[in-house]
Amino acid sequence: MRLLHTSDWHLGRSFHRVNMLAAQAEFIGHLVTTARERAVDAVVVSGDVYDRAVPPLAAVELFDDALHRLADLGVPTVMISGNHDSARRLGVGAGLIGRAGIHLRTEPSAAGTPVVLADAHGDVAFYGLPYLEPALVKDEFGVEKAGHEAVLAAAMGRVRADLAARSPGTRSVVLAHAFVTGGEPSDSERDITVGGVAAVPSGVFDGVDYVALGHLHGCQTLTDRIRYSGSPLPYSFSEAAHRKSMWLVDLAADGSVDAERLDCPVPRALARIRGTLEDLLADPELARHEEAWVEATLTDPVRPADPMARLTERFPHTLSLVFDPDRTEDDPEVSYARRLAGRSDQQIAEDFVAHVRGAGPDAHEQDVLRDAFDAVRADETVREVAR
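Rules behind the numbers
Residues numbered from 1 in each chain as written. Predicted model: local features only at pLDDT ≥ 70, side-chain atom pairs only at ≥ 80, totals over all residues. Heavy atoms only, no water. UniProt positions renumbered as here; feature names shortened; annotations may be inferred. Helix = DSSP H or I, 4+ residues; strand = E, 2+ residues; numbered from the N terminus. Rg over C-alpha atoms; globule rule 2.2 N^0.38 Å. Buried < 20%, exposed > 50% of the residue type's maximum accessible area, 1.4 Å probe, protein only. Contact = heavy atoms within 4.5 Å. Areas by Shrake-Rupley, 256 points an atom, 1.4 Å probe, with all protein chains shown as cover. Lys, Arg positive; Asp, Glu negative; His and termini not counted. Charge placed at Lys NZ, Arg CZ, Asp CG, Glu CD. 1 Å grid on protein atoms, 1.4 Å probe; cavity = no way out; pocket = protein on both sides within 12 Å on 5 of 7 lines; lining within 4 Å. Points joined across faces, edges and corners; volume = space filled by probe spheres on them. Nonpolar A, V, L, I, M, F, W, Y, C, P; charged D, E, K, R; others polar. Salt bridge = Lys/Arg side-chain N within 4 Å of Asp/Glu carboxyl O. Pairing = 2+ DSSP bridges. Axes fitted to C-alpha atoms, helices over the stretch in contact; angles between N-to-C directions. Expected span 1.5 Å × (residues − 1). Arc of directions from axis to C-beta. Core = buried A, V, L, I, M, F, W, Y, C linked by side-chain atoms within 4.5 Å.

Per an unreviewed UniProt entry, the protein carries the name Nuclease SbcCD subunit D and comes from Streptomyces afghaniensis 772. As stated in UniProt under Subunit (unreviewed entry), the record for the protein gives "Heterodimer of SbcC and SbcD."

Structure follows, in structure tokens:
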């Protein structure tokens, strides 16, 4: 069975001030053409279809167009909700849409109920595990303490139980939206840390033939059978080195996997350039970036006059301007933001406690802070979905 694995469309998202809707529509066209020309048997979309719980109308219209085009192809599609989606909104009409071969899996309770497709070698069971917000689904899965590993392990327990009850030789595909250990994140993914932990071990997915992951925006191979497709378009300059693509996966009769990486069309290259303003304007090596979307970091010790206007004369698609004067780490002018770079909310809060009282939080206080951050994030998720 031949699968086309994609994820993280983020319909409705812009790139800095650039509207990406036209590029997203071009990707949908590319997806449909690829499915037809490469004789794909099923399309899997591993979450973050939309960029936010209440997407703009234009994004909903594009999604509707994608569903119609995929249904017209007659290629079954299995799709899950991600942490950016409203699972309830995305799942509206799922039963009816399923009759057209578009299978939306947004309910955690259905984790062990697969979409079953067949080829010449027998059945393939597709299990959709939507993004599982631990604080909201721990009761559904009967876990005592909310955590990504616990709820995913419980969901996978249901998958393995269902698979064990099926006829021998049934192959299996799991769609999941999660941060799996070994994956490389970028700046454009929403933080899903719970209890100080964001990642889950890949061993959670033992026992299935292929795991189609979503959430991380870089295309990655964790093992031959566990892969991220990444986002089809860039959504931050941290993705400048990404090659945007999808996985074309051939699932053999014995469950073995052969995967080919297929490039996606991107509207414009990304470039990160760094140096003094005069150097950036004069360096002949930077000519290759003149038509790219550019993030320029200026290292001038004193902020130059009209830097954006001068940069756009050479790099007309400059979208981001960062000031980072070359200074030593002990220089008092080193920015607060720079000192906080790479630190989690938990670490920043613990440092604040240490600063105001002269000693950091003890183990109990660390747990209190961690629980507070988890509660706020879960509450924000509930509020966003309820809007």
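Peer 1: Looking at this structure, I do not really get the overall build of the protein. What am I missing?
Peer 2: When you go through the protein residue by residue, the secondary structure sums to 11 helices and 19 strands. Taking 2.2 N^0.38 as the reference for a compact globule, 387 residues should give roughly 21 Å; the C-alpha atoms of the protein span a radius of gyration of 23 Å, in line with that estimate. Across its three principal axes, the protein shows a C-alpha extent of roughly 70 × 55 × 40 Å. Across the 387 residues of the protein, 47% fall into the buried class. Here the contacts in the protein between residues at least 6 apart in sequence split such that 68% fall between residues at least 24 apart. Taken as a whole, the protein presents about 17,900 Å² of accessible surface, with 51% of it coming from carbon and sulfur. Of the side-chain charges in the protein, 39 are positive and 60 negative, and the distance between the mean point of each set is 3 Å.

Peer 1: How do you make sense of the side chain of His-103 when you look at a structure like this?
Peer 2: Mapping His-103 onto the fold places it in strand S6 (residues 102-105). In contact with His-103, not counting residues within four places along its chain, are Thr-77, Val-78, Met-79, Gly-98 and Val-115.

Peer 1: Whenever I open this one, unusual backbone geometry confuses me. Can you help?
Peer 2: The phi angle of most residues is negative, glycine excepted, and most peptide bonds adopt the trans form. Even without being glycine, His-10 reaches a positive phi, approximately 55°. Looking at the element boundaries, His-10 is found in the loop between strand S1 (2-6) and strand S2 (14-15). With a relative accessible area of 0%, His-10 lands in the buried category. Unusually for a residue other than glycine, Asp-48 sits at a positive phi of about 55°.

Peer 1: Explain empty space enclosed by the protein here, please?
Peer 2: Gaps between atoms show up when a probe of the same size as a water molecule is rolled over them. This structure, assessed with the given rule, holds 1 cavity of 30 Å³ or more. As a volume, the largest cavity reaches approximately 60 Å³. Every residue along the wall of the largest cavity is listed here: Leu-129, Pro-130, Tyr-131, Leu-132, His-148, Val-151, Leu-152, His-177 and Ala-178. Broken down by element, the lining of the largest cavity gets its largest block of residues, 3 residues, from helix H6 (residues 148-164). Grouping the constituent residues of the lining of the largest cavity by class yields 7 nonpolar, 2 polar and no charged.

Peer 1: Looking at this model, I keep getting lost on the pattern of salt bridges. Mind explaining?
Peer 2: Side chains bearing opposite charge may pair, as long as their charged atoms lie close to each other. Taken as a whole, this structure holds 17 salt bridges when the rule is applied. Where Glu-295 meets Arg-272, a salt bridge forms, and the shortest distance between an N and an O atom there is 2.8 Å. Of this pair, Glu-295 sits in strand S18 (residues 293-298) while Arg-272 sits in strand S17 (residues 270-275); the two residues are 23 residues apart in sequence, bridging distant segments of the chain. Its relative accessible area of 46% is what places Arg-272 among the partly exposed residues. Close ionic contact of Glu-290 with Arg-314 constitutes a salt bridge, the shortest N to O distance being 2.9 Å. Remark: Arg-314 occurs in helix H8 (residues 307-314) and Glu-290 occurs in the loop between helix H7 (277-282) and S18; sequence separation between them is 24 residues. Overall, Glu-290 belongs to the partly exposed group, its relative accessible area being 26%. Judged by its relative accessible area of 16%, Arg-314 falls in the buried class.

Peer 1: Could you clarify how one ought to interpret the sheet that holds strand S19 (residues 318-323) in this entry?
Peer 2: Within a sheet, each strand pairs with its neighbour through backbone hydrogen bonds, oriented either parallel or antiparallel. With respect to topology, 3 strands assemble into an open sheet ordered S17-S18-S19, the strand pairing being parallel. On the outer flanks of this sheet lie S17 and S19, each paired with one strand and no other. Across the sheet, the mean angle separating the axes of adjacent strands is 15° when strand polarity is ignored. One ladder, built from 5 bridges, connects S18 with S19; its direction is parallel. Across the sheet, the residue bridging to Val-294 is Thr-318, located in S19. The strands that H8 touches are S18 and S19; relative to S19, the one it contacts most, it runs at about 135°.

Peer 1: Hey, could you run me through helix H10 (residues 345-357) in this one?
Peer 2: Within an α-helix, residues lying three or four positions from one another point in the same direction, as the helix has 3.6 residues per turn. Here H10 is 13 residues long and its end C-alpha atoms lie 19 Å apart, about the 18 Å a rise of 1.5 Å per residue gives. The set of residues buried in H10 consists of Gln-346, Ala-349, Glu-350 and Val-353. Down the axis of H10, the buried set is contained in an arc of 100°. They therefore lie on one face. With respect to the buried face of H10, the exposed residues turned more than 90 degrees away are Phe-352 and His-355. Note on H10: the residue one or two positions beyond its end, Gly-358, has a positive phi of about 90°.

Peer 1: Sorry if this is basic, but what is going on with the environment of Val-208 here?
Peer 2: Within the secondary structure, Val-208 is located in the loop between strand S11 (199-200) and strand S12 (210-214). When neighbours within four sequence positions are excluded, Val-208 is seen to be in contact with Met-156, Val-159, Leu-163, Ser-172, Val-174 and Arg-225.

Peer 1: What should I look at first to understand the nonpolar core in this one?
Peer 2: Inside soluble globular proteins, nonpolar side chains tend to come together where they are buried. In terms of nonpolar packing, the biggest core is built from 31 residues, with Leu-129, Leu-152, Met-156, Val-174, Phe-205 and Leu-213 touching the most fellow members. Looking at this core, the elements that each hand over two or more residues are strand S8 (122-129), helix H5 (134-141), H6, strand S9 (171-177), strand S10 (179-180), S12 and strand S14 (226-228). Counting residues per element, this core draws most heavily on H6, which supplies 6 residues. Leu-129 has contacts with Ile-80, Ala-111, Leu-152, Ala-155, Met-156, Val-159, Val-174, Leu-175, Ala-176 and His-177, leaving out every residue within four places of it along the chain. With 28 residues, the next largest nonpolar core counts Phe-27, Val-45, Ala-59 and Leu-62 among its residues.

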